[in-house]
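# Architecture and fold: a report
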Amino acid sequence: MSNNSNDFITIYNQYKVMVYNVALHYLQNVEDAEEITQDVFVQIHNSLTSFNEKSSLKTWIYRITINKSLDFIKHKNSVKRFFIFGKKSENEKELESLSNFEHPGIDIVNKENAALLFSIINELTENQKTAFILSKLDGLSNPEISEIMNVSISSVESLIFRAKTTLKEKLSNKFENYRKK
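This is a predicted model, so every value here is computed, not measured.

Parameters and conventions
Residues numbered from 1 in each chain as written. Predicted model: local features only at pLDDT ≥ 70, side-chain atom pairs only at ≥ 80, totals over all residues. Heavy atoms only, no water. Axes fitted to C-alpha atoms, helices over the stretch in contact; angles between N-to-C directions. Helix = DSSP H or I, 4+ residues; strand = E, 2+ residues; numbered from the N terminus. Parallel < 35°, antiparallel > 145°, perpendicular 65-115°, else oblique. Left-handed = near helix turned anticlockwise from the far one by under 90°. Contact = heavy atoms within 4.5 Å. Nonpolar A, V, L, I, M, F, W, Y, C, P; charged D, E, K, R; others polar. Core = buried A, V, L, I, M, F, W, Y, C linked by side-chain atoms within 4.5 Å. Buried < 20%, exposed > 50% of the residue type's maximum accessible area, 1.4 Å probe, protein only.

### Observations concerning the packing of helix α6 (residues 126-137) against helix α7 (residues 142-149)
- One way to put it is that α6 packs onto α7 with a least axis distance of 10 Å and a crossing angle of 140°. With respect to their mutual orientation, α6 and α7 come out oblique. Where α6 crosses over α7, the handedness of that crossing is right-handed. Seen from α6, the contacting residues are N127, T130, A131, L134 and S135; seen from α7, they are I145, I148 and M149.
- When grouped by side-chain class, the residues that make up the contact of α6 with α7 number 5 nonpolar, 3 polar and no charged.

See the structure below:
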């Protein structure tokens, strides 16, 4: 058992920053990213003995982190819809935190532009968003992304291309609207 504990501590120390950054790219909120990071490592700790090594440990951890992040977003969106259509929450901050953009890597001057960019990234399909984040924000290669997403390299290239095309189009439209005001 102590060997598993040592393995887990080593894994935690090696991957905690990566997990946190991936979660932060998806969620754009420090507290949410910290929560996902904790959830990911709880799952890793509980599943470490059943890890089958069909993929690399890094790929497995990326998959867990992405899935937890996407599930968190889906849950938050369903809570948001319930809040809008259901009974009024006793906690007014509940709705505020759902649309809060908070990314420590963005300075105040660029916060509005970054919030706009991330809002458009969040409109991408899940696969396009994942491929784009892993490529452009995490700097992974297409073969690495292919393994993480369990799709072909040509699919990754296509997803990234479509994501970039959509982002260019939507950003262009947003800035066109700003110029008209």
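Moving on, there is more to tell.
### A short note on the nonpolar core
- With 36 residues, the main nonpolar core has I44, I61, Y62, I66, L134 and I145 as its most contacted residues.
- Listing elements by their share of this core, those giving two or more residues are α1 (2-27), α2 (30-47), α3 (57-85), α6, α7 and α8 (153-180).
- Broken down by element, the residue count for this core peaks at 11 residues, all from α1.
- Once residues within four sequence positions are removed from consideration, I61 is found in contact with I11, Y15, M18, V19 and I44.

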